[in-house]
Amino acid sequence: VKKTSNSIDAPFSVDWVHRLRFTDDALEENGALDTLIQELTPAKTLVIIDNGLFSTNESFQSSLATWCKRTESLCDDPILIEGGESAKNDPEIANRVLHEINNHNLCRKSCVLVIGGGAVLDAVGYVTSIAHRGIPLIRMPSTTLSQGDSGVGVKNSVNYFGKKNFLGVFNPPFAVINDISLLHSLDERHWRSGLSEAIKVALIKDGELLHEIEKNKDALIDRDIEAMKSVIQKSAELHLLHITQCGDPFERLNARPLDFGHWAAHKLEPMTNYSLSHGDAVAIGLAIDLRCSVHLGLLDTSIANRVISLLQHLGFPTNHPELHNPDLLDGIEEFRQHLGGQLTLLMLQGIENPIDIHQLDDAIVRQAIEELM
Ligand SMILES: NC(=O)c1ccc[n+]([C@@H]2O[C@H](COP(=O)([O-])OP(=O)(O)OC[C@H]3O[C@@H](n4cnc5c(N)ncnc54)[C@H](O)[C@@H]3O)[C@@H](O)[C@H]2O)c1
Ligand SMILES: [Zn+2]
């Protein structure tokens, strides 16, 4: 503690444990969920579910019904909310969850269990973070993207003023359960969506994972669940270890390595009215930043081409008509504003060899885009 006659600077830290479980049957008796609930011993549990998952996945419906019957702390039937980006765009959805928390008198000793895609997890995580300054949350991500990336993070947010993630907080959940059996009902776009984030994190941190995705690319598009499970589990672990072990969990520094390829992705999503999935937008953003890395004289063109071909093979778009819209370039400044401080973008010099840059000329981005169109 630093103290003078008129100031006190008292540093403090709070210990967190980020709990992540991998399973193929989270709801079985004494399975991952029961064990975590026993550990938390909430007085009440409220369950919120992404309707996109619930309405398409019959095996989930029946195991949920069985789980609900035997779970004593459950305070109501599960509440269904609309999935996808509207969960974050429509303030009525967050409001409704707040009302449910209030109506059921949930408190900081209660638990909210949320099961769904990244958008529903983000919105419900935001609400549980602000209600009573934080109700413990168990997340069960149900898309490849949320299991491999967003669901294991510490960010919770909704869109506001037409801006993505404008309202939000850093707040780790009590636990995350990745249940691979939830994924089989995903449509094609959301089945692949976690793979662009896996490629992103592999490019920065794990060349072997990139090899694995290349080797298994046909199995991955043929919906081989074991192939997907391995990639998603490694991606989740790399993301979680980055957040918990790299010294900047709440993103106070300018550098955001996990946002490789994201300045363009974050701009393209609202520009296309969210018709592009986050995973597809990230694939396009990666393709742009790989080509930019080449034009900056940092990256061998053969590596950029190899990764872009892999993305295409997996079914991802690597261009879009909106890339010709000059508004796209505003995404660089918006990215800087969102982080505050100096512009910091990650580019690649090679696999597992990233570098931060602080300026990206429009001409280089335009050249990169021309090559992708
Ligand atoms: N918090 C973070 O750190 C972070 C990081 C990356 C992305 N995100 C956010 O995550 C969101 C994208 O999440 P997403 O890619 O998971 O998509 P999503 O949440 O938009 O869901 C996509 C669609 O799939 C449906 N769905 C979900 N699970 C299903 C299942 N098992 N079977 C059938 N349908 C199912 C949903 O209802 C929805 O219609 C974006 O809002 C993005 O900003 C957050
Ligand atoms: Zn992302």
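As shown above, the structure is provided for reference.
Quick caveat: nothing in here was measured; it's all calculated off a predicted structure.

S.K.: How should I be thinking about the sheet that holds strand S10 (residues 175–179) in this particular structure?
M.R.: For sheets, the rule is that strands pair by backbone hydrogen bonds, running either parallel or antiparallel. One open sheet accounts for 6 strands, arranged S3-S10-S7-S6-S4-S5; its pairing is parallel. Whereas interior strands pair on both sides, the edge strands pair on one side only; in this sheet they are strand S3 (19–23) and strand S5 (79–81). Ignoring strand direction, the axes of neighbouring strands in this sheet form an average angle of 20°. Summarising the sheet, strand S6 (residues 111–116) and strand S7 (residues 137–141) pair through 5 bridges and their orientation is parallel. Bridge pairing in S7 places valine 112 opposite leucine 137.

S.K.: What's the story with the pairing of S6 in this structure? I'm lost.
M.R.: Along any regular strand, the residues point their side chains to alternate faces of the sheet. Along S6, 6 of the 6 residues are buried, which leaves the element largely enclosed by surrounding structure. Along S6, one buried face is formed by Cys111, Leu113 and Ile115 and the opposite face, lined by Val112, Val114 and Gly116, is buried too. Strand direction decides the pairing type here: strand S4 (residues 45–50) and S6, joined by 5 bridges, are parallel. Residue pairing for S6: leucine 46 is matched across the bridge by valine 112. Traced from S6 through helix H6 (residues 118–130) to S7, the parallel crossover comes out right-handed.

S.K.: Quick question: what am I supposed to make of the packing of aromatic side chains here?
M.R.: Enumeration according to the criterion identifies 4 aromatic pairs in this entry. Plain terms: the ring middles of tyrosine 160 and phenylalanine 161 are 5.0 Å apart, the flat faces sit at 70° to each other, and that makes the pair edge-to-face. Members of the aromatic cluster, each reached through a chain of ring pairs, are Tyr160, Phe161 and Phe166. A cation sits over an aromatic face here: arginine 192 above phenylalanine 316, 5.6 Å from the ring centre.

S.K.: Quick question: what am I supposed to make of the nonpolar core here?
M.R.: Burial of nonpolar side chains together is a common tendency in soluble globular proteins. Among the nonpolar cores identified, the biggest contains 67 residues, and Ile199, Trp263, Ile288 and Leu360 are the most heavily contacted of them. Excluding residues within four positions of it along the chain, leucine 360 makes contact with Trp263, Cys292, Leu296, Ile332, Leu343, Leu345, Met347 and Val365. The next biggest cluster of nonpolar side chains, apart from the first, holds 24 residues, and it includes Ala26, Leu27, Leu40 and Ile49.

Conventions and cut-offs
Residues numbered from 1 in each chain as written. Chains lettered and ligands numbered in written order. Predicted model: local features only at pLDDT ≥ 70, side-chain atom pairs only at ≥ 80, totals over all residues. Heavy atoms only, no water. Pairing = 2+ DSSP bridges. Helix = DSSP H or I, 4+ residues; strand = E, 2+ residues; numbered from the N terminus. Axes fitted to C-alpha atoms, helices over the stretch in contact; angles between N-to-C directions. Buried < 20%, exposed > 50% of the residue type's maximum accessible area, 1.4 Å probe, protein only. Right-handed = clockwise from strand over helix to strand, strands pointing away. Phe/Tyr/Trp six-rings, centres within 6.5 Å; stacked < 30°, edge-to-face > 60°. Lys NZ or Arg CZ within 6 Å of the ring centre and 35° of its normal. Core = buried A, V, L, I, M, F, W, Y, C linked by side-chain atoms within 4.5 Å. Contact = heavy atoms within 4.5 Å.

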